[in-house]
Amino acid sequence: MILSNPGGLEPAEGRVALFGGVYSNHPALLATLEDARAAGAETIVCLGDLGAFGPHPDRACAIVRDAGLPVVQGNYDHSLGHDLADCRCGYTDPEDNRFAAISYRYTYAKTSPEHRAWMRTLPQAIRFRLGDRRVVLCHASPRRINEFLWESTSPDAFLLRLLADAEADVLAVSHTGLQWLRSFSGRRAVLNVGAIGRPPNDGRTGAVYAILGLDAGGAPAVEWRRVEYDHDRLAAEMREEALPEEFVETILTGWWTTCLEVLPAKERARGKF
Amino acid sequence: MILSTPITSHEDRSAGFEAQADPEASPLLHPGPLDALWFQVTGTVCNIRCRHCFIACGPANRAFGFLSVDEIERRLEESTDLGVREYYFTGGEPFLHPDIVEILTRALSRGPATVLTNGTLLKPYHAAPLAEAAAESRFSLEFRVSIDGFDRVTHDALRGEGTFERALAGLELLLAHGFLPIVTAVRTWPLGEEPEAYRAFVGMLRARGYRNPRIKLLPIFRIGAEAERAGGYAADERLTTRMVAGYDPELLLCGSARVVTDRGIWVCPILLDAPDGNLGDDLAVAAARPFRLGHAACTTCWMHGAVCANPGAATPEAGLPPGLP
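Here the structure is a predicted model, which means the values were calculated and not measured.

*Asks:* Is there a simple way to think about helix α4 (residues 94-110) of chain A in this case?
*Replies:* The periodicity of an α-helix, 3.6 residues per turn, causes residues three or four places apart in sequence to face the same way. Residues and elements named next belong to chain A. Compared with an ideal rise of 1.5 Å per residue, which puts 17 residues at 24 Å, α4 spans 24 Å between its outermost C-alpha atoms and is within 8% of the ideal. Listing the buried residues of α4 in full gives Ala 100, Ser 103, Tyr 104, Tyr 106 and Thr 107. Buried residues of α4 fall within an arc of 165° about the axis and therefore sit on the same side. In α4, the exposed residues that point more than 90 degrees away from the buried face are Arg 105 and Ala 109. On its buried side, α4 packs onto α2 (57-66) and α3 (75-81).

*Asks:* Would you mind showing me how to read the environment of Arg 214 of chain B here?
*Replies:* Relative to the helices and strands, Arg 214 of chain B is located in strand β9 (residues 214-218). As for Arg 214 of chain B and Arg 144 of chain B, which are separated by 70 residues in sequence, their C-alpha atoms are 9.5 Å apart. Here Arg 214 of chain B is in contact with Glu 261 of chain A together with Leu 180, Ile 182 and Val 183 of chain B, once residues within four sequence places are set aside.

*Asks:* Looking at this structure, I do not really get the packing of helix α1 (residues 69-81) of chain B against helix α2 (residues 100-108) of chain B. What am I missing?
*Replies:* How two helices pack is summed up by the angle between their axes together with the distance between the axes. Residue and element names in this part refer to chain B. Close contact between α1 and α2 brings their axes to 10 Å; oriented N to C, the two are set at 10°. On the basis of their axis angle, the class for α1 and α2 is roughly parallel. The handedness of the crossing between α1 and α2 comes out as right-handed. Residues Val 69, Ile 72, Glu 73 and Leu 76 of α1 pack against Glu 102, Ile 103, Arg 106 and Ala 107 of α2. Here the residues of the contact of α1 with α2 sort into five nonpolar, no polar and three charged.

*Asks:* What am I meant to see in the packing of α2 of chain B against helix α3 (residues 124-136) of chain B here?
*Replies:* Residues and elements named next belong to chain B. Their axes nearest at 10 Å, the elements α2 and α3 cross at an angle of 10°. Between α2 and α3, the interaxial angle falls into the category roughly parallel. In this structure, α2 uses Ile 100, Val 101, Leu 104, Thr 105 and Leu 108 to contact α3, whose residues at the interface are His 126, Pro 129, Leu 130, Ala 133 and Ala 134. Along the lines of polarity and charge, the residues of the contact of α2 with α3 split into eight nonpolar, two polar and no charged.

*Asks:* Explain the sheet that holds strand β12 (residues 291-292) of chain B to me, please; I cannot follow it from the model alone.
*Replies:* Sheet strands pair by backbone hydrogen bonding; their relative direction is either parallel or antiparallel. Residue and element names in this part refer to chain B. Taken in spatial order, the three strands make up an open sheet running β2-β3-β12, and their pairing is antiparallel. The outermost strands of the open sheet, each flanked by one partner alone, are β2 (16-17) and β12. One ladder, built from two bridges, connects β2 with strand β3 (residues 28-30); its direction is antiparallel. Within the sheet, the bridge partner assigned to Phe 17 lies in β3 and is Leu 29.

*Asks:* I tried to follow unusual backbone geometry on my own but got confused; where do I start?
*Replies:* Both trends apply: most residues other than glycine have a negative phi, and most peptide bonds are in trans. For the peptide bond that leads from Gly 91 of chain B to Gly 92 of chain B, omega is 15°, which places it in the cis range. Within the secondary structure, Gly 92 of chain B sits in the loop between β5 (86-90) and α2. Phi at Ala 52 of chain A is positive, roughly 115°, even though this residue is not glycine. A positive phi angle is found at His 56 of chain A, which is not glycine, with a value near 50°. With respect to the secondary-structure elements, His 56 of chain A resides in the loop between β3 (43-46) and α2.

*Asks:* What is the right way to look at the nonpolar core in this model?
*Replies:* Side chains of a nonpolar character, in soluble globular proteins, are inclined to be buried together. Within the largest apolar cluster, 173 residues are counted, with the highest numbers of intra-cluster contacts made by Leu 18, Leu 47, Leu 137, Leu 171 and Ala 172 of chain A together with Phe 89 and Leu 104 of chain B. Top contributing element to this core by residue count: strand β9 (residues 207-214) of chain A, with six residues. Residues in contact with Ala 172 of chain A, not counting those within four places in the same chain, are Leu 18, Leu 47, Leu 137, Leu 191, Val 193 and Leu 212 of chain A.

*Asks:* Help me out: how do you make sense of the environment of Leu 67 of chain B in this one?
*Replies:* Residues and elements named next belong to chain B. Residue placement: Leu 67 occurs in the loop between β4 (36-40) and α1. Sequence-wise, Leu 67 and Asp 276 are 209 residues apart; in three dimensions their C-alpha atoms are separated by 21 Å. Contacts of Leu 67, omitting those with residues within four sequence positions, involve Phe 39, Gln 40, Val 41, Ile 72, Val 260 and Asp 262.

*Asks:* For this particular structure, what's the right way to read the confidence of the model for chain B?
*Replies:* The predicted structure's coordinates, where accompanied by low pLDDT, should not be read in detail. All names here are of chain B. This prediction gives chain B a mean pLDDT of 91; 93% of its residues lie at or above 70. Predicted confidence for residues 1-9 stays below pLDDT 50, and this span has 19 contacts to residues more than four positions away or in other chains. Predicted confidence for residues 318-325 stays below pLDDT 50, and this span has 21 contacts to residues more than four positions away or in other chains. For this predicted complex, the interface confidence comes out at an ipTM of 0.94, alongside a pTM of 0.94.

*Asks:* Is there a simple way to think about the pairing of strand β6 (residues 170-173) of chain A in this case?
*Replies:* Side-chain direction in a regular strand flips from residue to residue, so the side chains alternate between the two faces of the sheet. All names here are of chain A. Burial along β6 is two-sided: the residues Val 170 and Ala 172 and Leu 171 and Val 173 are all buried. In terms of strand pairing, strand β5 (residues 133-138) meets β6 through three bridges, oriented parallel. Bridging from a neighbouring strand, Leu 137 pairs with Ala 172 of β6. On the question of chirality, the crossover connecting β5 to the parallel β6 by way of helix α6 (residues 156-165) is right-handed. In terms of strand pairing, β6 meets strand β8 (residues 188-193) through four bridges, oriented parallel. Directly across from Ala 172, in β8, lies its bridge partner Leu 191.

*Asks:* Sorry if this is basic, but what is going on with the environment of Ile 270 of chain B here?
*Replies:* All names here are of chain B. Positionally, Ile 270 belongs in the loop between β11 (264-266) and α8 (283-288). For the pair Ile 270 and Cys 298, spaced 28 residues apart in sequence, the C-alpha separation works out to 9.1 Å. Those residues in contact with Ile 270 that lie beyond four places of it in its chain are Phe 54, Phe 221 and Ala 297.

*Asks:* Which parts of the structure should I look at to understand the sheet that holds β4 of chain B?
*Replies:* All names here are of chain B. Spatially, eight strands are ordered β9-β8-β7-β6-β5-β4-β10-β11 in an open sheet, and the strand pairing comes out mixed. Two strands bound the open sheet, and with one partner strand each, they are β9 and β11. Adjacent strand axes in the sheet meet at a mean angle of 25°, parallel and antiparallel pairs treated alike. Most of the contacts of α2 go to strand β6 (residues 113-117), to which it runs at about 150°, and overall it touches β5, β6 and β7 (141-146).

Analysis parameters
- Residues numbered from 1 in each chain as written.
- Chains lettered and ligands numbered in written order.
- Predicted model: local features only at pLDDT ≥ 70, side-chain atom pairs only at ≥ 80, totals over all residues.
- Helix = DSSP H or I, 4+ residues; strand = E, 2+ residues; numbered from the N terminus.
- Expected span 1.5 Å × (residues − 1).
- Buried ≥ 20, exposed ≤ 12 C-beta atoms within 10 Å, placed from the backbone.
- Arc of directions from axis to C-beta.
- Contact = placed C-beta atoms within 7 Å.
- Axes fitted to C-alpha atoms, helices over the stretch in contact; angles between N-to-C directions.
- Parallel < 35°, antiparallel > 145°, perpendicular 65-115°, else oblique.
- Left-handed = near helix turned anticlockwise from the far one by under 90°.
- Nonpolar A, V, L, I, M, F, W, Y, C, P; charged D, E, K, R; others polar.
- Pairing = 2+ DSSP bridges.
- Core = buried A, V, L, I, M, F, W, Y, C linked by C-beta atoms within 7 Å.
- pLDDT = per-residue confidence, 0-100.
- Right-handed = clockwise from strand over helix to strand, strands pointing away.

Pasting the structure below:
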């Protein structure tokens, strides 16, 4: 399945900040935007999944929309926007499905119909040029809004095929929540920008995003940024909203506690659970 | 800032069902790009004879034979040209192959590899070098260990006397070498009892030292030995073109995977006994060849989706409109 509605951005100059997986984490979102601007990013793009997991989903929506950021539709945005019954993350584990259902029902109920209608209209891919490099941004993969592109299950030949099929030199995705970069001959690259909504399962708090630019030779260059935010405040809000303590624990400890079934062996082994 | 027109467009190469005049005709699936390459690494030869095996594997079943290291290397090279994403090694029992460590190590140099095993033959001389190969590779090595019951009685009734303890010994060996095996279990319980069965499984595995067990539940295919044991499919259990209307073809393994055997490229790991499952010797040609879903077992894949793939390797339809505007 090829993603629909590709939007295009004007050719970009300089540095482009790319973040995804907000998961209703509005303090991390504000901290990320502040950090990206301070770091000199001329353009900031959101790679989808505004809601899930965290408290008060309308707050993150309002921040992104007020800032006028280009946003690529994530699977969560797609499900909420189309009034689907679940997030379509593809869990089969009964416990993962239980937590996914709690997260989705809460987020659906607390996202205003106006924000949900807006989510429905979001493009599923954004294309632009950075120097002479063709860049494609999408939530999960260029062919599917909910395909997991993990570092340890993405061979070079497969990623080069995705780049060729998407007619791209640089492909940036999110969806998995774990960041990585693969460069090819210095001219092409695929990166997963991770997520700002929950830490990357490494036992530390803080949000991760990427700033994409070009080096002196015109090759894609990625700067990883880790942003601290008031995670105690977020945890307090999650508890006030009676969200599962397992979700709160992830925010406070930096270790993923739920929805782990989809992680491949290498990524799973790096976590605590 | 967002322009309404795309800078470029791209071609839809995804899998799709062919439109057919007769809605009762078997669906014809045109595959998408080849994502997964399976290897019938020990053919149909297995050290045990499971009563529910869909291809009736056993010590004497030589319908399919072993693949050589050279043949596997050749296919791995071809798969790289096709941009394959992941490799699966099955049988039979893969750990009957004398070169299985070498084979998995070579696969890991190119991409993620999964080996499906009954666990009973696993030895430190497998686990130790594979732990090293997995640590050195940037790709994941997955073990899928079949344990078909959360107690000895259920498991051994299907897989043979003593196999429960031997499989768990294999599992414990993998855990001791730092692996996180995926335990696969066929559903031997009524669907309504699944939450209890799942909890019992988790409890049993934790008691064996697997703190956060990874579990994949599988449906039973009523073919091969299983058809003898519990009865096969009814004559009218066939997919029709009408039934697949609106169905996501990418949930079917035959839409994105093929199997290397010593007798050529097969359409999927389930239909080894089906003559029309043989798609020839040329991998690129076989990968693109449409397949008619005319087998009763196809209804099980259709019903459950992504039966053979690892958790997370296939995701459900998100309701996207097809194609580009």
